[in-house]
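# Summary of structural features
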Amino acid sequence: MSSFRRSAALISAAGLVAAGLSVAGGAATAAPTTGCDNRTNDSLRKVLDCVTLDGVLEHEEALQAVADANGGTRASGSTGYDESAAYVADRLRSAGYDVSVQEFDFVSFEDLGGSELDQVSPLAVSYVEGTDFGATPQSEPGEVTAPVTAVDLDLGLGNASTSGCEPEDFIGFTPGHIALLQRGACTFQLKAENAAAAGAVAVVFFNQGNTDDPSRTGIPAVTLSAGYTGGIPALNATYDLGVDLAATPGLVLHLLANVVRETTTTANVIADSRGGDPANVVMAGAHLDSVNEGPGINDNGSGSSALLEVAEQVAKAANKGKLAHQVRFAWWGAEESGLVGSTHYVNALTDEEIADLEMYLNFDMVGSPNYGLFIYDGDGSGFGLVGPVGSDDIEALFEKFYADRGIPSEPTAFSGRSDYQAFINNGVPSGGLFTGAEGIKTEEQAAKWGGVAGEAYDSCYHQACDTIDNLSHEALEINADAIAYVVYLYASGQASIN
């Protein structure tokens, strides 16, 4: 079980050398000196001139080196994450920020592979992991063989499944059975906890199948979340397999969830400028952790690296009091375990400290290889989910950046899948950028931005192939400038929210 045992230094010089990073005096060496390092970037023109693709890629290469030295991952709770946080914290201290490392406990999860799902009766059938099913993220480990009871299913296109969302769905459920549950309407966590309360010994979730979209027919990419307390193992299955299982009388399944779930320690890295009004904080963040399966160089090395480049280039102005507002940058831990780090941070703030936040800007995946250029839909015009008052102004300023350069953009929903959520829940105006994950690029989007229609924005999302080669340099360069533009204009007081 890993923890941040390296206190203020976070990690030894030897560890950074092993990761392929140079060190001096026990700390990661700062970037080579350039003209930008010798001046105070106290204008938008200067900042945009100094925020470069090369600067972003320097950080991306460092994170890849860390992953390479630590089993190919930078997941929270791992040494790969510890070393990533050490790198970020050292660069920020070298730039002059007040840096704090906020430790917290969270429930880590690792899929070891080799989970099993077999029909024991009425036929002997073995299903294929990765094709038919997979372990549910944040499942408890376990192995059971038991009869199966389907719970409140609603099959077919256009269905409105609420399977397992209400305790009443389990009236008549036989304790000791495996619950067969369908995606839809509520969280997998609630469904599994209701099943456990009814006496289920395990759960097989299958996708909803309400549309032909692969995200609603394949193995569902959802989690039980770090807060799961059901205590029973679970697997996720395709819609077609779920339908077949539901239609099988006398069904008995053997189920093995070969996973590890345990409480461990990780940390957020927070950097505050030494200048600017601390009662009017412009805050921007990106999650630093990867999934266990890969190095996470797009998800979310891209947001982390672009934000670090911006932080370094505005550092002198921010720390010398040349900007009206204090700026605060955050690199979140355990996002991939259910937004744990950002939620912990916000929950630890007082009401006054929350009121001091002028806004929160979020950057999660800004270099997807088959990218779209998406802005969070603060005014709700695209998806009907309106952010706190002022979120519309943030969206409009990002839109202006793209429009002034003749670059198309589209809104993306505040879907609750990234670290803005805790801020929104506490009334903080929020916004940010996203270039797409497992969603599929349309023909219209390919005409707008290039790339390949009918393929995912990031086909390596949450996989081992999310490496330094899994980036659009074009998207990274555009979005690093967009981040710098919005952070600088708000921090300098040249833009404001209403």
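Before going into details, it helps to say that this report is about the structure given with it. The model shown is predicted, which means the values in this text are computed figures rather than measured ones.

### Considerations on the side chain of Ser430
- Of note, Ser430 is situated in strand β18 (residues 430-434).
- Looking at Ser430, the relative accessible area reads 0%, which means it is buried.
- From its side chain, Ser430 meets the backbone oxygen of Val428 in a polar contact 2.9 Å long.
- Filtering out sequence-adjacent residues up to four positions away, Ser430 remains in contact with Tyr360, Ser391, Ile394, Phe414, Tyr420, Phe423 and Ile424.

### Description of the packing of helix α7 (residues 301-313) against helix α14 (residues 473-492)
- The N-to-C vectors of α7 and α14 enclose an angle of 50°; their axes lie 9 Å apart at closest approach. Taken together, the axes of α7 and α14 lie oblique to each other. For the crossing formed where α7 meets α14, the hand is right-handed. Residues Ser302, Ala306, Leu307 and Val310 of α7 touch α14, and the partners they reach there are Leu476, Ala480, Ile483 and Ala484.
- Class assignment of the residues belonging to the contact of α7 with α14 gives a composition of seven nonpolar, one polar and no charged.

### Here we look at the sheet that holds strand β9 (residues 202-206)
- The eight strands lie next to each other as β5-β4-β11-β7-β8-β9-β10-β6, forming an open sheet whose pairing is mixed. The open sheet is flanked by β5 (125-126) and β6 (133-135), the only strands paired with a single partner.
- With six bridges joining them, strand β7 (residues 142-150) and strand β11 (residues 252-257) adopt antiparallel strand pairing. Its bridge partner lying in β11, Pro147 is registered against Val252.
- Each of β8 (178-182), β9 and β10 (234-237) touches helix α5 (residues 188-197); the most contacted strand, β9, lies at about 145° to it.

Parameters and conventions
- Residues numbered from 1 in each chain as written.
- Predicted model: local features only at pLDDT ≥ 70, side-chain atom pairs only at ≥ 80, totals over all residues.
- Heavy atoms only, no water.
- Helix = DSSP H or I, 4+ residues; strand = E, 2+ residues; numbered from the N terminus.
- Buried < 20%, exposed > 50% of the residue type's maximum accessible area, 1.4 Å probe, protein only.
- Polar contact = N/O pair within 3.5 Å; in protein donor to acceptor, adjacent residues only side chain to side chain.
- Contact = heavy atoms within 4.5 Å.
- Axes fitted to C-alpha atoms, helices over the stretch in contact; angles between N-to-C directions.
- Parallel < 35°, antiparallel > 145°, perpendicular 65-115°, else oblique.
- Left-handed = near helix turned anticlockwise from the far one by under 90°.
- Nonpolar A, V, L, I, M, F, W, Y, C, P; charged D, E, K, R; others polar.
- Pairing = 2+ DSSP bridges.

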